[in-house]
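Architecture and fold: a report
Next come the chains, spelled out residue by residue.
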Amino acid sequence: MAMPESLMRLARRLTASPVVALLIALALMAAALALAIQNDRYGKAERLRQASVQAQILASSLAAPLAFNDDGATREYLNAFRNDATIQAAAAYDPQGHLVAGFAQPGTVLPTVGRLTAPTLQGPDLIVTAPVAQNDTRIGSVYLRFSIESGLRRALRYLGIALIVILASLLVALLGAAYASLSHSHAQLKNEIDSRQKAEAALRQAQKMEAMGQLTGGVAHDFNNLLMVASSGLELLERTSDPAKRERLKTGIRQAVDRGAKLTQQLLTFARRSPLNPEVIDLADRLHGMDTLLDRSLRENVAIRFDLAPDLWPVEVDASQLEVAVLNMALNARDAMPEGGTITITARNERRAEGGDRVLLAIADTGVGIAEDKIAKIFEPFFTTKGVGQGTGLGLSQVYGFVQSSGGEIEVTSQPGQGTVMCVLLPRTTKRPPAVAAPTAARRTEGRRRALLVEDDEAVATMVGGMLDELGFDHHHVASADKALECLEGEAEVELVLSDMVMPGAMSGLDLVRAIARRWPRLPVVLMTGYSAAAASAAAEGVRLLLKPYRIEDLAAEIDAASGKR
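What counts, and where the lines are drawn
Residues numbered from 1 in each chain as written. Predicted model: local features only at pLDDT ≥ 70, side-chain atom pairs only at ≥ 80, totals over all residues. Heavy atoms only, no water. Core = buried A, V, L, I, M, F, W, Y, C linked by side-chain atoms within 4.5 Å. Buried < 20%, exposed > 50% of the residue type's maximum accessible area, 1.4 Å probe, protein only. Helix = DSSP H or I, 4+ residues; strand = E, 2+ residues; numbered from the N terminus. Contact = heavy atoms within 4.5 Å. Salt bridge = Lys/Arg side-chain N within 4 Å of Asp/Glu carboxyl O. Axes fitted to C-alpha atoms, helices over the stretch in contact; angles between N-to-C directions. Left-handed = near helix turned anticlockwise from the far one by under 90°. Nonpolar A, V, L, I, M, F, W, Y, C, P; charged D, E, K, R; others polar. Parallel < 35°, antiparallel > 145°, perpendicular 65-115°, else oblique. Pairing = 2+ DSSP bridges. Phe/Tyr/Trp six-rings, centres within 6.5 Å; stacked < 30°, edge-to-face > 60°. Lys NZ or Arg CZ within 6 Å of the ring centre and 35° of its normal. Polar contact = N/O pair within 3.5 Å; in protein donor to acceptor, adjacent residues only side chain to side chain.

What follows concerns the nonpolar core. Among the nonpolar cores identified, the biggest contains 43 residues, and L322, V326, I343 and I345 are the most heavily contacted of them. Considering each element in turn, this core owes the most residues, nine residues, to helix α9 (residues 319-335). Setting aside chain neighbours within four positions, we find I345 in contact with L287, L294, I304, R305, F306, D307, L308, V326, L361, A362 and I363. Listed in part, the 24 residues of the second largest apolar core include V454, A481, L488 and M501.

Before going further, it helps to examine the pattern of salt bridges. Throughout the structure, instances matching the rule amount to 16 salt bridges. Note that R448 is salt-bridged to D469, the shortest N-O span being 2.9 Å. With R448 in the loop between β12 (419-427) and β13 (449-454) and D469 in helix α12 (residues 458-470), the pair connects residues that are 21 residues apart, well separated along the chain. R448 gets classed as partly exposed once you look at its relative accessible area, which sits at 40%. Among the ionic pairs, R449 bridges to E495, the shortest N-O distance being 3.5 Å. Here R449, found in strand β13, pairs with E495, found in the loop between α13 (481-490) and β15 (496-500); they are 46 residues apart in sequence, far enough to count as distant. In this structure R449 comes out as buried when scored by relative accessible area, which is 14%. The network of salt bridges with shared partners includes R351, D357 and R428.

A word on the packing of α12 against helix α16 (residues 552-562). Two numbers describe how α12 lies on α16: the axes approach to 10 Å, and their chain directions differ by 65 degrees. For the pair α12 and α16, the crossing hand works out as right-handed. In contact with M467, L468 and E470 of α12, α16 contributes I552, L555 and I559. Among the residues making up the contact of α12 with α16, the classes are represented as five nonpolar, no polar and one charged.

Attention now goes to the packing of α13 against helix α14 (residues 509-519). Contact geometry of α13 with α14 gives a least axis separation of 10 Å together with a crossing angle of 20 degrees. Considered as vectors, α13 and α14 are oriented roughly parallel to each other. Our pair here, α13 against α14, has a crossing hand that is right-handed. Along its contact with α13, which presents A481, A484, L485, L488 and E489, the element α14 presents L512, A515, I516 and R519. In terms of residue class, the contact of α13 with α14 is built from seven nonpolar, no polar and two charged.

Here the focus is the pairing of strand β2 (residues 99-104). Of the strand pairs in this sheet, strand β1 (residues 87-93) and β2 are connected by five bridges, and their pairing is antiparallel. Looking at β2, one finds that A89 is bridged to A104. Connecting β1 to the next strand, β2, in antiparallel fashion are five residues, including G97 with a positive phi near 90 degrees.

Moving on to the packing of aromatic side chains. One pair of aromatic rings is described through two measures. These are the centre distance and the angle between the planes. What the rule picks out here adds up to zero aromatic pairs. One Lys or Arg, R428, reaches over the ring of W313 and ends 4.1 Å from the middle of that ring.

Another point: the sheet that holds β1. Taken together, five strands build an open sheet; the order of strands is β2-β1-β5-β4-β3 and the sheet is antiparallel. Two strands bound the open sheet, and with one partner strand each, they are β2 and β3 (120-122). Between one strand and the next, the sheet's axes are offset by a mean angle of 20 degrees, whatever the strand orientation. Bridge count for β1 against strand β5 (residues 137-147) is six bridges, and the pairing is antiparallel. Considered in β5, the bridge of A91 is made with Y143. Along the sheet face, helix α4 (residues 71-79) touches β1 and β2 and points at about 25 degrees away from the line of β2.

Attention now goes to the side chain of T129. Counting through the fold element by element, T129 comes out in strand β4 (residues 125-134). Within the structure, T129 has its side chain in polar contact with the backbone oxygen of T117 (distance 2.9 Å). Those residues in contact with T129 that lie beyond four places of it in its chain are R115, L116, T117, V142 and Y143.

Moving on, we get to the sheet that holds strand β16 (residues 525-529). Taken in spatial order, the five strands make up an open sheet running β14-β13-β15-β16-β17, and their pairing is parallel. Each having just a single partner strand, β14 (473-478) and β17 (545-547) make up the two edges of the open sheet. Strand after strand, the sheet turns through a mean of 20 degrees between neighbouring axes, direction not considered. With four bridges joining them, β15 and β16 adopt parallel strand pairing. By the bridge assignment, D500 is partnered in β16 with M528. Against the sheet, α16 contacts β14, β15, β16 and β17, and its axis sits at roughly 170 degrees relative to β17.

Structure (structure tokens):
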């Protein structure tokens, strides 16, 4: 039988305190006792009414026998009441109160003289009298003695009610205790889940940091090369007047800057602390976008080759976790080839009759391979076959966690001395990747306009000022948000504010945006920053943002968007 919802709610409330459970049980017992007493009173009142009616009926029946002194008929009427077990005695009396006829059950004595009295209780019995009349003349009286209920029976009835209430109270208390235990277990489980989630987040971050640690040497080497290209290119520009040579030098410097910007953005993506964020991606585009990062993570004697099908289905995964997983597998493959070799990254579609279509991503190396008894352990956290200081054993556990959270599968095949292939199967999604906006060409603004540039770095301010000049803006430069507000108070012709986000002083660039929105709501503002955390806070408030380094085309597009021109 299902438990009533009201009882379940009561049981849940009992979990607040054992004292509450005891008080409720006592209240139930008191309420039951009061109800029993009240019910007993109603029962006695009803019995009195019934007894009075019976006495009146008997009196009406005996009117004729008493009038004609027919004692035999009187006895017959009275003996008819012997069959009623509740009647202990019955009698008829003449007008002088002399007994005419009657009977009494064993243990009961009839009164010798008949008197009219009000209904009375004598112990467990009820005594009722009634006059016998004929033509308004009293010719006698009747006497009836009823047994209402014995004291033992009444005690047993109360005891039964008390027992039922006690059992019900005990049941409620037990339900409350059970629910309290369940609530405690639920709280423990919730704490355990929260602890595991925190541990998993810390583990994911540690896995990212391990991958970045292994990248450090390659990244430092690459940035030194980029700085070499930029610095030597600038020196050569100063020493030549040949237009063709100057153009080649500028192209080389631009390429170096672009490669550095791309590498920085990828490193910030890897290092960010954020929960899993699945999105629909083009796998081929993501893998091709990692070429610079992969090149920096591999040694010069390790080649990387891509074999990607042209019609790959889209997948829905956390893009950052995917890139970290690919990087970890590539680093693992690199370490498996101490003498050098080739890493092949393959991706193709796989149709399946059962389980849904999948996209296969395979990373194969030509390294030393993995022993068969160790393949089952390679995804365990902190398990590693590398020497001390060469790995923490977190990289492949990150790969396994990423695949599991994405609803995919991972398979490993390896032969010692012949290399290893790691195959990741990701579910195909029917969603389409978001369209990528085409780059906007830089253009000069028609007519000269007035801009306020807020930047604390003089070198950056000089370069950005040159871009504004090319776009048709005359500008005034200040180094802090406080100075910018002072300038706006006295400069009514400013049509654009371009501000850095992190600056000295009490106000940040985001604070400046809020102040301008309150006082000059129609004034366009564009922020620029090189910090990923600052970028996230600006994006959360819907503020236009440029990530450094950026091109003049990017600046022109943001100015147009902020000014409402597109």
